[in-house]
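What follows is the residue order along each chain.
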Amino acid sequence: MKSSINTFLNALTFPDKTVYPVASTNLKDFHNLIDVYLDAVFYPSLSEDIFRQEGWHYEISPLDGSLLRKGVVFNEMKGAYSDPDEMHADWCRRSLFPNTTYGLDSGGDPEVIPQLGYQTFVAFHKKYYHPSNSFIYFYGDDDPDERLALLEPWLAPFSRIEVDSMPDAQPAFDVPISVSKTCDGNDDKGFIAVNWALSEHGDLESSLAFTILTYILTGTPASPLRKALIDSGYGEDLAGFGYEESMRTTAWSIGLKGVLPENLEKVEKLIFSTLEDLVKNGIDPNTIEASVNTVEFALREKNTGNFPRGLAVLFEALNEWLYDRNPIDALGFEAPIRDMRARLVKGEKLFEPMIDKWFLKNSHRSTVTLLPSSAEGERRTAKEKIELEAIKAKMSDTEIEALKAEVEVLNRRQETPDSPEALATIPSLDLDDIPKETPRLPCENLHLGTSVSPLLFHDLPTSSILYFDIAFPFKSIEPRLLPYLSLLGRSILEMGTDKADYITMSQEIGKHTGGIGASVYTGTIWQSTKPVAYFIMRSKAVTEKTDKLLELLSEVLLHARLDNRERFRQIVLEEKAQMEAAAIPEGHRLVITRMRAQFTEADAMAERLRGCEQLLFLRELSERIDRDWEGVLADLVAVRSSVIDFSQAILNVTLDKANFEAIRPSFDHFAADMVRAGSSATDRALIDQETDPAEQASAQLPIAMEVILAPTQVNFVGKAFPLGSAGTAANGAFRVVKKYLDTAFLWEKVRVQGGAYGCPSAYDPNTGIFVFVSYRDPNLVRTIEVYDSAKDFLGKLEISDEELRKCIIGTVGDVD
């Protein structure tokens, strides 16, 4: 990590496989990573200390002499079992395959992890971590012969063996089953999902059809099954794991969360009655066309964001390869799509028979409910305490002293730095291996016709896909209205327009585009303390659909209806449920956002849009809709009027030059029409033109020490402070210091010795705000003491030129 410019470096555990992927755009770095990973996977030093550190071990508390359990993965899974969404989805999958590996928790139940012994751990590696049981995959433009030469010395010492690792197939259920579980929580609302086992791998047309059927049923707010569930008012958002391909037998799952106990059975009945109605009366052809187009667009685009595309291809290939099928077949979609479209044109019913066969007449299904209870967390804590007291009571004084000595050896090992000789065995880049200049993306600043709106054009190859963004700066918004901005995008896209209801609009967007979405950006202007904020509409389509895309954008931006109270209530409840679901698994993000809000106006805005303040706002708003809808509607209209102002908008297009020149006249007309249309007079009358969000909507939180309470067995501990004054010239050297703190000090003190699963830091070179934070951490005070000792660590640090060089290389990798 210290001396690599990797674009991915991690390990990922699944129910039936573990994947060790690395990626880099630098060939020498890539080869270094391959060497390190092959060494680590096939030739690890699986010492008992490693097992104790990463798995679990006993310790004697220095405070009261009680027996404790510690371990990195042990604490990670305590965090996982504090996340009800993850628990419910996991039980849904496990319930379908109780007699196979899929019926177990591959991460480990923290109540069961202590049953794992060191010898069993080593034997597992010896049996399964053998080249004969591995799938080795490369993606890139490097030389295939060199790949084989790299592998040869690592694999040559092994002889081929037979490893029985194929996951068993679960015998089909004769009758459906029901499973009820309990999770920690103070809410009285629970989860329910109905789950089906589907077909085994090998039929790629069926796999693609299930992908499209999933989108038909639940992919958009207008999808018939999703709409029926949300409209029912029984719950707040969808539950279940959706369509799951990465198992020997594929599966599908759907339900609701935020459901009162008396409504759980009603949800199950509604799922089946809706599916029965679709089989009987058919699926709207417009919904089918929109879903086929959306899925095909995504397959052709293969936009993986900041996740390496090559690794995304790997996981697609594994969906067949792992089960002795052809991995290349898994990547093909054109022929099945072409065949499917031809059959649909002939009027053939494709998806209704699938619903009937796999959902209505399939007895291999389960219904899983999960209800929160404040007693569940107490039960787990009490059970562990009783177990540990009983174990200690059976230990002699000699055994206790031996345990203390064993832990002391582990602590010394953790605190002892690797020798220079050991570090020298790790391959590393040199500074000369890294380009001095960052690649610069092409950007032209254009103006369209007579429009005052600037257009940023990026001439890049996009396979004839147009990417078009519109950014609206906040020019006037009342401070109390700021939290509504997180809802504005969904409101104008999902509540219908003057011409069409939201179902029709959803179908039109699906049929003609690759998607339209919205987001809010907040930040600090470079080398200043002034906040900046944009509401951004993002869209994409093939170039032939440019005019239709612009027509749809114009419709939702200028003519969206906001007066559908029930639809808005659903949006608010879904957003609230999603924030609550993310709070515990992403607790470190809430901590970082909350702390930063005490230092800059831009970060204070982010807290109100994405942090704890937003969650509290959504909870209050969900109740206010019933008692003051007129007031809520007036707020929504005012927010839209404050933001949607084309005279101040920035347009952004990414496309190759030839295609852009062909469609440029469409943008000239669009920009001119938008500026002329402006916002309605009614809207304009509702806003105060003098309000400046930079001064009024972004008040910083008072600097304070805070504790946020949540039902979780582990903690997220942060500390933030400014380094210098905001807006001063950024100090690039401190990025290197941060890298060293992350990979040496924090990794050793918070993860290795403290047992937390993660320990990232964050540094904004513009504002000077530095943040420590831990992830799934068993400690509180101890972690803060580690943060406080960082200054002494740096003050006494003696770092070699070699170590500093590695940190500089790793820092450049982070920046790139």
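Residues numbered from 1 in each chain as written. Predicted model: local features only at pLDDT ≥ 70, side-chain atom pairs only at ≥ 80, totals over all residues. Heavy atoms only, no water.

Some details on the overall build of the protein chain
Keep this limit in mind: Put simply, DSSP H or I for four residues or longer makes a helix, DSSP E for two residues or longer makes a strand, and each gets a number counted from the N terminus. The globule rule is 2.2 Å times the number of residues to the power 0.38, and the radius of gyration it is compared with is taken over C-alpha atoms. Exposure categories follow from relative accessible area, calculated using a 1.4 Å probe and restricted to protein chains: below 20% of the type maximum is buried, above 50% is exposed, and the middle band is partly exposed. Computed with the Shrake-Rupley method and a 1.4 Å probe, the accessible areas treat only the protein chains shown as cover for residues. Under the counting rule used here, the positive set is Lys and Arg, the negative set is Asp and Glu, and His together with the chain ends is not counted. By convention, the charge on Lys lies at NZ, on Arg at CZ, on Asp at CG and on Glu at CD.
Helix and strand counts for the protein chain stand at 31 helices and 20 strands. In terms of overall size, the protein chain behaves like a compact globule, its C-alpha atoms giving a radius of gyration of 28 Å where 816 residues would be expected to give roughly 28 Å. Seen through its C-alpha atoms, the protein chain measures out along the principal axes to roughly 85 × 70 × 60 Å. The buried share among the 816 residues of the protein chain stands at 51%. In the structure as shown, the protein chain presents an accessible area of about 38700 Å², 53% of it carried by carbon and sulfur atoms. Computed over 85 positive and 125 negative side-chain charges, the inter-centroid distance for the protein chain is 2 Å.

Observations concerning the packing of helix 19 (residues 546-559) against helix 25 (residues 657-677)
Filter applied, for reference: Axes, fitted as lines to C-alpha atoms, cover a helix only where it is in contact. Angles between the N-to-C directions of the axes lie from 0 to 180 degrees. In this scheme, roughly parallel covers angles under 35 degrees and roughly antiparallel covers those over 145, while 65 to 115 is roughly perpendicular and the rest are oblique. In this scheme the crossing of two helices becomes right-handed for a clockwise turn of the near helix relative to the far one and left-handed for an anticlockwise turn of less than a right angle. Here a residue-residue contact requires only that any non-hydrogen atoms of the pair lie within 4.5 Å. Under the scheme applied, nonpolar residues are Ala, Val, Leu, Ile, Met, Phe, Trp, Tyr, Cys and Pro; charged residues are Asp, Glu, Lys and Arg; polar residues are all the others, including Gly.
Closest axis-to-axis distance for the helix 19/helix 25 pair is 10 Å, and the angle between their directions is 15°. Between helix 19 and helix 25, the interaxial angle falls into the category roughly parallel. Where helix 19 crosses over helix 25, the two elements pack in a sense that is right-handed. On the side of helix 19, the interface is formed by Thr-546, Asp-547, Leu-550, Leu-553, Ser-554 and Leu-558, while helix 25 contributes Ile-663, Ser-666, Phe-667, Phe-670, Met-674 and Ala-677. When grouped by side-chain class, the residues that make up the contact of helix 19 with helix 25 number eight nonpolar, three polar and one charged.

Considerations on the pattern of salt bridges
For the record, the criterion: Salt bridges are identified by distance alone: a Lys or Arg side-chain nitrogen within 4 Å of an Asp or Glu carboxyl oxygen.
In total, this model carries 70 salt bridges according to the counting rule given. Its salt-bridge partner being Glu-59, residue Lys-70 comes within 3.5 Å of it at the nearest N-O pair. You can see Lys-70 sitting in strand 6 (residues 67-70) and its partner Glu-59 sitting in strand 5 (residues 57-60), a full 11 residues away along the chain. The closest approach of N and O atoms between Arg-805 and Asp-430, which form a salt bridge, is 3.7 Å. A residue pair is termed long-range when its members are at least 10 positions apart, and Arg-805 in helix 31 (residues 801-815) and Asp-430 in the loop between helix 16 (420-423) and strand 12 (444-447) qualify at 375 residues. Given the relative accessible area of 15%, Arg-805 is considered buried. Under the relative-accessibility criterion, Asp-430 is labelled partly exposed at 38%.

Let's talk about the pairing of strand 9 (residues 237-244)
Selection criterion: Only strands joined by at least two bridges in the DSSP assignment are considered to pair.
Sheet topology places strand 9 next to strand 10 (residues 249-259); six bridges connect them, and they run antiparallel. Bridge pairing links Ala-239 to Gly-255 in strand 10. Connecting strand 9 to the antiparallel partner strand 10 that follows it, the hairpin turn spans four residues.

Thoughts on the nonpolar core
It is characteristic of soluble globular proteins that their nonpolar side chains tend to be buried jointly. Rules: Note on terminology: a nonpolar core comprises buried Ala, Val, Leu, Ile, Met, Phe, Trp, Tyr and Cys residues joined through side-chain atoms within 4.5 Å.
If you look at the biggest cluster of nonpolar residues, it comprises 67 residues, and the most contacted ones within it are Phe-468, Phe-472, Leu-485, Phe-535, Met-537 and Phe-568. Beyond its immediate sequence surroundings of up to four residues, Phe-472 is in contact with Ala-533, Tyr-534, Phe-535, Met-537, Leu-557, Val-643, Ile-644, Asp-645, Phe-646 and Ala-649. Judged by nonpolar contacts, the second largest core, of 40 residues, contains Ile-230, Val-292, Met-340 and Ile-355.

Details of the sheet that holds strand 17 (residues 650-655)
As summarised here, the arrangement of the six strands in space is 12-13-17-14-16-15, forming an open sheet in which the pairing is mixed. Whereas interior strands pair on both sides, the edge strands pair on one side only; in this sheet they are strand 12 and strand 15 (515-524). For this sheet, the mean inter-axis angle between neighbouring strands, taken without regard to orientation, is 25°. As paired strands, strand 14 (residues 465-473) and strand 16 (residues 531-542) are joined by nine bridges and run antiparallel to one another. Residue pairing for strand 16: Phe-472 is matched across the bridge by Phe-535. Together, strand 15 and strand 16 form the strand contacts of helix 22 (residues 601-610), whose direction differs from that of strand 15 by roughly 145°.

Things to note about the side chain of Ser-291
Within the secondary structure layout, Ser-291 lies in helix 10 (residues 285-301). Setting aside residues no more than four positions away along its own chain, Ser-291 makes contact with Ile-212, Tyr-215 and Ile-216.

What about helix 12 (residues 334-345)?
We count it as follows: Here a helix's expected span is defined as the number of its residues, less one, multiplied by 1.5 Å.
Look at helix 12: 16 Å from first C-alpha to last across 12 residues, which is about the 16 Å you get at 1.5 Å a residue. Packed against the buried residues of helix 12 are helix 7 (204-218), helix 10 and helix 13 (351-360). Gly-347 sits one or two residues past helix 12 and shows a positive phi near 90°.

Here we look at the confidence of the model for the protein chain
Low-confidence regions, as indicated by low pLDDT, have predicted coordinates that should not be scrutinised in detail. Heads up, the rule is: Scored from 0 to 100, pLDDT reflects the predictor's confidence in each residue.
Taken residue by residue, the protein chain gives an average pLDDT of 92. The fraction at 70 or more is 96%. For the stretch residues 679-695, pLDDT sits under 50, and the model shows 32 contacts to residues farther than four places along the chain or on other chains.

Here's the deal with the packing of aromatic side chains
Note the cut-off: For this analysis, a ring pair means two rings from Phe, Tyr or Trp (six-membered ring only for Trp) whose centres lie within 6.5 Å, classed as stacked if their planes differ by under 30 degrees, edge-to-face if by over 60, and tilted for the remaining angles.
Scanning the model with the defined rule gives 39 aromatic pairs in all. Taking the centre distance of 5.1 Å and the plane angle of 75° together, the rings of Tyr-484 and Phe-617 count as edge-to-face. Within this pair, whereas Tyr-484 is found in the loop between strand 14 and helix 17 (485-494), its partner Phe-617 is found in helix 23 (residues 612-627), the two being separated by 133 residues in sequence. In this pair, the class of Tyr-484 matches that of Phe-617, namely buried. Aromatic ring contacts, followed pair by pair, group Phe-457, Phe-468, Phe-472, Phe-535, Phe-646, Phe-660, Phe-667 and Phe-670 into a single cluster.

So, helix 29 (residues 781-788)
Using the following cut-off: The directions considered for the arc run from the helix axis to the C-beta atoms.
Inspection of helix 29 places Thr-783, Val-786 and Tyr-787 among the buried residues, and these make up the whole buried set. For helix 29, the angular spread of the buried residues around the axis is 100°, confining them to a single face. In this structure, the buried residues of helix 29 make contact with strand 18 (718-722), helix 28 (732-752), strand 20 (769-773) and helix 30 (790-795).

A short note on unusual backbone geometry
Peptide bonds are, in most cases, trans, and in most cases residues other than glycine have a negative phi. With phi around 45°, Lys-302 is a residue other than glycine that occupies positive phi space. Tracing the backbone through its elements, the reader meets Lys-302 in the loop between helix 10 and helix 11 (309-321). Although it is not a glycine, Ser-464 sits at a positive phi angle of roughly 65°. Note that Ser-464 resides in the loop between strand 13 (454-459) and strand 14. For Ser-464, a relative accessible area of 31% translates into the label partly exposed.

Quick word on the state of the cysteines
Just so we agree on the cut-off: Cysteine sulfur atoms are paired as a disulfide whenever they fall within 2.5 Å.
Taken as a whole and assessed by the stated rule, the structure comprises zero disulfides. Of all cysteine sulfurs, the one in Cys-759 lies closest to Cys-807, which takes part in no disulfide; the gap is 14 Å.

Some remarks on the side chain of Ser-761
Test applied: We call two N or O atoms a polar contact when they sit within 3.5 Å, provided that within protein one can donate a hydrogen and the other can accept it, with sequence-adjacent residues counted only if both atoms are side-chain atoms.
With respect to the secondary-structure elements, Ser-761 resides in strand 19 (residues 761-764). For Ser-761, a relative accessible area of 12% corresponds to the buried category. Within the structure, Ser-761 has its side chain in polar contact with the side chain of Asp-742 (distance 2.5 Å). Setting aside anything within four residues of it in sequence, one finds Ser-761 in contact with Lys-738, Asp-742, Leu-746, Phe-770, Val-771 and Phe-772.

Focus on the sheet that holds strand 18
Spatially, the three strands line up as an open sheet ordered 18-20-19, and their pairing is antiparallel. Only two strands of the sheet have a single neighbouring strand rather than two, namely strand 18 and strand 19. If you compare each strand with its neighbour and ignore which way they point, the axes differ by 10° on average. As defined by bridge partners, strand 18 adjoins strand 20 across five bridges and the pair is classed as antiparallel. When the bridges of strand 20 are listed, Pro-722 appears paired with Ile-769. Docked against the sheet, helix 28 engages strand 19 and strand 20, running at close to 175° with respect to strand 19.

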